[in-house]
Amino acid sequence: TQLLEQSPQFLSIQEGENLTVYCNSSSVFSSLQWYRQEPGEGPVLLVTVVTGGEVKKLKRLTFQFGDARKDSSLHITAAQPGDTGLYLCAGGLRGGPSNTGKLIFGQGTTLQVKP
Amino acid sequence: DTGVSQDPRHKITKRGQNVTFRCDPISEHNRLYWYRQTLGQGPEFLTYFQNEAQLEKSRLLSDRFSAERPKGSFSTLEIQRTEQGDSAMYLCASSLPIGGKTGELFFGEGSRLTVL
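Residues numbered from 1 in each chain as written. Chains lettered and ligands numbered in written order. Predicted model: local features only at pLDDT ≥ 70, side-chain atom pairs only at ≥ 80, totals over all residues. Heavy atoms only, no water.

Let us now look at the state of the cysteines. By definition, a disulfide links two cysteine residues through a covalent bond between their sulfur atoms. Applying the stated criterion to the full structure yields two disulfides over all chains. In this model C23(A) forms its disulfide with C89(A); the gap between the sulfur atoms is 2.0 Å. Across the S-S bond linking C23(A) and C89(A), the dihedral sits near 75°, which makes this disulfide right-handed. Residue C23(A) is located in strand β3 (residues 19-24), and its partner C89(A) is located in strand β9 (residues 85-92); the two are separated by 66 residues in the primary sequence. The same class applies to C23(A) as to C89(A), namely buried. Here C23(B) is linked by a disulfide to C92(B), with a sulfur-sulfur distance of 1.9 Å. (Disulfide = S-S within 2.5 Å. Helix = DSSP H or I, 4+ residues; strand = E, 2+ residues; numbered from the N terminus. Buried < 20%, exposed > 50% of the residue type's maximum accessible area, 1.4 Å probe, protein only.)

Next up on the list: the sheet that holds strand β6 (residues 55-58) of chain A. Residue and element names in this part refer to chain A. What the five strands build is an open sheet, ordered β1-β3-β8-β7-β6; its pairing is antiparallel. Where the open sheet ends on each side, the last strands, each with one partner, are β1 (5-7) and β6. When strand polarity is set aside, the average angle formed by the axes of neighbouring strands in this sheet is 15°. (Pairing = 2+ DSSP bridges. Axes fitted to C-alpha atoms, helices over the stretch in contact; angles between N-to-C directions.)

The subject of this paragraph is the interface of chain A and chain B. One frequent convention defines the size of an interface as the accessible area lost when the parts assemble. The interface of chain A with chain B comprises 24 residues on the first partner and 25 residues on the second. Carbon and sulfur atoms supply 51% of the area buried between chain A and chain B, which totals about 1,900 Å² over both sides. At the junction of chain A and chain B, the tally comes to zero salt bridges. Along the contact surface separating chain A from chain B lie five residue pairs in polar contact (both at pLDDT 80 or more). Every element with two or more residues in the side of chain A that touches chain B is listed here: β4 (31-37), β9 and β10 (103-105) of chain A. The dominant element in the side of chain A that touches chain B, judged by the number of residues it contributes, is β4(A), at four residues. (Contact = heavy atoms within 4.5 Å. Buried area = accessible area lost by both parts, 1.4 Å probe. Salt bridge = Lys/Arg side-chain N within 4 Å of Asp/Glu carboxyl O. Polar contact = N/O pair within 3.5 Å; in protein donor to acceptor, adjacent residues only side chain to side chain.)

The next subject is the packing of aromatic side chains. Across all of its chains, the model carries eleven aromatic pairs over all chains by this definition. Both rings, one in F105(A) and one in Y35(B), keep their centres 5.3 Å apart while their planes meet at 90°; by these two values the pair is edge-to-face. Here the residue F105(A) occupies a position in strand β10, and Y35(B) occupies one in strand β4 (residues 31-37), the pair thus bridging two chains. Taking the relative accessible area as the measure of exposure, F105(A) reaches 3% and is therefore buried. Take Y35(B): its relative accessible area is 0%, and that puts it in the buried class. With a centroid separation of 5.2 Å and an interplanar angle of 15°, the aromatic rings of Y33(B) and Y48(B) are classed as stacked. Of this pair, Y33(B) sits in strand β4 while Y48(B) is found in strand β5 (residues 44-50), placing the two residues 15 residues apart along the sequence. Note on Y48(B): relative accessible area 2%, which makes it buried. Positioned above the aromatic ring of F74(B) is the side chain of R22(B), whose terminal nitrogen or guanidinium carbon lies 3.9 Å from the ring centre. (Phe/Tyr/Trp six-rings, centres within 6.5 Å; stacked < 30°, edge-to-face > 60°. Lys NZ or Arg CZ within 6 Å of the ring centre and 35° of its normal.)

This part covers the environment of S27(B). All names here are of chain B. With respect to the helices and strands, S27 occurs in the loop between β3 (19-24) and β4. Under the relative-accessibility criterion, S27 is labelled exposed at 71%. Polar contacts involving the side chain of S27 include one to the side chain of E28, which spans 3.0 Å.

Residue and element names in this part refer to chain A. The buried count for β4 comes to seven of seven residues, which makes it a mostly enclosed element. What you see with β4 is no split at all: S31, Q33, Y35 and Q37 on one side and L32, W34 and R36 on the other are buried throughout. Two strands pair when backbone bridges link them, and β4 and β9 are joined in this way by seven bridges, in the antiparallel orientation. If you follow Y35 over to β9, its bridge partner there is L88. The pairing of β4 with strand β5 (residues 44-49) spans five bridges and is antiparallel. Paired with Y35 across the two strands is L45, which belongs to β5. Counting the residues that bridge the hairpin from β4 to β5 gives six residues, and of these G40 lies at a positive phi of roughly 80°.

Nothing here speaks to function; it is geometry throughout.
See the structure below:
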């Protein structure tokens, strides 16, 4: 059972187009993070959202956390070839005695931006 | 370089052999995670440590897998009697919990395992 469902799993677009990636779950998360991964490297954090309804912007990237903290979206405006990569959402689950838990990843969205 | 380092970067082995991967986290991070990732998919959680204590293990971590962090610094992940299905990238990450929530994970570049 996949806790975090990402869609679409693969996206190929032309430079300059806009796109949105979705991350959905039936679980409530204490925080949600978006990572970007390039081939042969580990994922690198883009943003963390912690409050329901929160919106964060990072240049051409806009991240939103759902009001119920069960879903999130990543919107890229005017995509560029340098945006090509694997985008991963990851939810922080409440843990045990330490009250912090593991991070669960979605399946990922492979984005290809053609020049 | 003070990032997370993993060794070896690549390992090719024959089915049935044992392999061990090492992870050196960022020195001040008390949390260390192991994930497994196959091509084009998201990382799957295996286990994590807070200092030397192993707090949680995934059901993916069969009896053939064991992870240790004896002194709360570096960690090792051993796979015994490897099977072809073990072929994957094994990622290590470290973090500092922030405000009771899971902090940013800093990943190493991974150890790619190929079982022939």
